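Close look at the chain arrangement
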Amino acid sequence: MPHLLIIDDESDIRELIADIAVEDGYTVAQAGDIRQARIQIERQKPDVALVDVQLPDGDGVDFWRDTGLTETQVVFMTGSSSVDSAIEALRCGAVDYLLKPLSLRRLRGILVELKAMANQQPLPGASDCFAKMIGKSRAMQLLCAHIEKVAPTQATVLLVGESGTGKELAAEAIHLASPRYQQPFMPINCGAISPNLIESELFGHEKGSFTGADRQHKGYFERARGGTIFLDEITEMSMELQVRLLRVLESGRFMRVGAHEEIEADVRVVAATNRNPEQAVSTGALREDLYHRLSVFPLELPPLREREDDVILLAEHFLQKLNDENNTRKTFAPEAIQAMRDYSWPGNIRELRNYVYRSYILADGVIKGDFNSFELEAHSAGWGSEILVPVGVPLAEANRQLILATLKQCGGVKKTAAEMLGISLKTLYNRLEEYGADTDLDESSSTLR
């Protein structure tokens, strides 16, 4: 049975944690300050420790560093969050960092995970739904707080945010924080599946229901039974399929293509879009009734430029991962860190990850951020090109000019153009097919021939 030491000057918090820990199979010792903690450590070395950062007789992080208990799994607690304190705690060997007032669900998850680590047993399920959502900014704390509130419910959630802000990670966090966390999580990019196949992919089909259907096929709604389906780029779904999805959400039942019997849809739906959903409704890309059905609990993901110093935490995370994979010790120079702080990151986390990867490849030991074609200023310069669209031009024509000009600027690389435009690759192909354009660039023109 693992032994837990709780070090906190607030007796109410100690008692609360102790009650939860005992229920989870721990033996527990308590200390209200550093002096008492030293006594408890002498009596029995803990397997797990929860340590308050600010104690009456000293700094909790400094105290723990001095103990030299490297085999003990430690989690620091604090009532005041900052990026610097979080980094310092993690450098001290902490496995996690809890903010007060404590989230009981998060606390229970951490205790379950640490117990499994102490017993060297595999974890039966995900314990920390926010493990992949790196960031300590106010915007991220608010987002995580909202996820904690909505996750235990059955409410459908609509995630809205720019491309690259981590909507799939947020959807997965909702799933992991819900009672469905042990069941499947299935992400589906609605813009990446052929319009002719998406109905079959979502709901399945019976053998012989259409040409090529040589066997019965179970769709995502059936395979995700008991779990969560994440419908990314929901505005790329056809109007006909939006009607059917609305019916499934309202009735809780669906039918495979070619079938006559309904199947219960025991799934939770989380949807996402990188477009303004109200504008999508006004332009006819999203049904208004489906929008209201999906946005029972809307959540907006903050762009990276509004996340304070999260950009540095994320960059350090990406770099550390590359160092671990390649057995290197590359670091960022101060000027590179400042350059990353100053840049607006229109491509958000995806753009930052690509920048770190490119810089890592070119750097010998220290990433200085002064590589000719990869420096931030040069990278952002491509966004400055302009096209002139006269007032009164139909919206469809303005879109056509913008798409073709962007594709030309990207050298005909469709994937890059789609990312810059904030649309799916499938949508870009559909638009180019409408325009009758191919991929050969005409250097004397701003369009494609």
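In what follows, the structure referred to is the one given above.
In this report, the structure presented in the accompanying data block is examined. None of the values given here were measured: they were computed from a predicted structure.

Here is what the cut-offs are and how they apply
Residues numbered from 1 in each chain as written. Predicted model: local features only at pLDDT ≥ 70, side-chain atom pairs only at ≥ 80, totals over all residues. Heavy atoms only, no water. Phe/Tyr/Trp six-rings, centres within 6.5 Å; stacked < 30°, edge-to-face > 60°. Helix = DSSP H or I, 4+ residues; strand = E, 2+ residues; numbered from the N terminus. Buried < 20%, exposed > 50% of the residue type's maximum accessible area, 1.4 Å probe, protein only. Pairing = 2+ DSSP bridges. Axes fitted to C-alpha atoms, helices over the stretch in contact; angles between N-to-C directions. Salt bridge = Lys/Arg side-chain N within 4 Å of Asp/Glu carboxyl O. Core = buried A, V, L, I, M, F, W, Y, C linked by side-chain atoms within 4.5 Å. Contact = heavy atoms within 4.5 Å.

**Regarding the packing of aromatic side chains**
The full count for this structure, using the stated rule, is 6 aromatic pairs. For the pair F203 and F254, a centre-to-centre distance of 5.9 Å together with 35° between the ring planes defines the contact as tilted. Remark: F254 occurs in strand β11 (residues 253-254) and F203 occurs in helix α8 (residues 198-203); sequence separation between them is 51 residues. Like F254, F203 is buried. Between F221 and F254, the ring centres sit 6.0 Å apart and the planes meet at 55°, which makes this aromatic pair tilted. Highlighted residues: F221 in helix α9 (residues 220-223) and F254 in strand β11, separated in sequence by 33 residues. For the pair formed by F221 and F254, the shared burial category is buried.

**Considerations on unusual backbone geometry**
Keep in mind that most residues, glycine aside, have a negative phi and that most peptide bonds are trans. Going from K100 to P101, the amide bond is cis rather than trans, its omega being -5°. Position of P101 relative to the elements: it lies in the loop between β7 (96-99) and α5 (104-118). Here E308, not a glycine, exhibits a phi torsion of approximately 50°, which is positive. Residue placement: E308 occurs in the loop between β14 (297-300) and α13 (310-326). Residue E308 is classed as partly exposed on the basis of its relative accessible area of 44%. Positive phi, close to 50°, is recorded for W345, a residue that is not glycine. Topologically, W345 is positioned in the loop between α14 (334-342) and α15 (348-362).

**Here's the deal with the sheet that holds strand β6 (residues 73-78)**
With parallel pairing, 5 strands are arranged side by side in an open sheet as β2-β1-β3-β6-β7. If you trace the sheet from one side to the other, it starts and ends with β2 (27-31) and β7, each paired once. Put simply, the sheet's adjacent strands are angled 20° from each other on average, direction ignored. Inspection of the sheet shows strand β1 (residues 3-7) paired to strand β3 (residues 48-52) by 4 bridges, in the parallel sense. Paired with I7 across the two strands is V51, which belongs to β3.

**Focus on the pattern of salt bridges**
One pass over the full model with this rule turns up 17 salt bridges. Across the salt bridge formed by D8 and K100, the nearest N and O atoms sit 2.7 Å from each other. Of this pair, D8 sits in the loop between β1 and α1 (11-23) while K100 is found in the loop between β7 and α5, placing the two residues 92 residues apart along the sequence. Of the two residues, D8 and K100, neither departs from the other in class, the shared state being buried. Residue R138 is joined to E308 by a salt bridge in which the shortest nitrogen-to-oxygen separation is 2.9 Å. Of the two residues, R138 is situated in helix α6 (residues 138-150) and E308 in the loop between β14 and α13; the sequence distance between them amounts to 170 residues. Connected through salt bridges with shared partners, the residues D8, E10, D52 and K100 form a single ionic network.

**Structural notes on the nonpolar core**
Counting 33 residues, the largest nonpolar core has L202, F221, I229, L231, I234, M237 and L245 as its most contacted members. Looking at this core, the elements with two or more residues in it are β8 (157-160), β9 (185-189), α8, α9, β10 (228-232), α10 (239-251), β13 (268-273) and α12 (288-294). Looking at which element gives the most residues to this core, the answer is α10, with 5 residues. Once residues lying within four places of it in the same chain are set aside, the contact partners of L202 are I188, G219, Y220, F221, L231, M237 and L241. Listed in part, the 24 residues of the second largest apolar core include M140, A151, A173 and L299.

Don't take any of this as a statement about function, it's just geometry.
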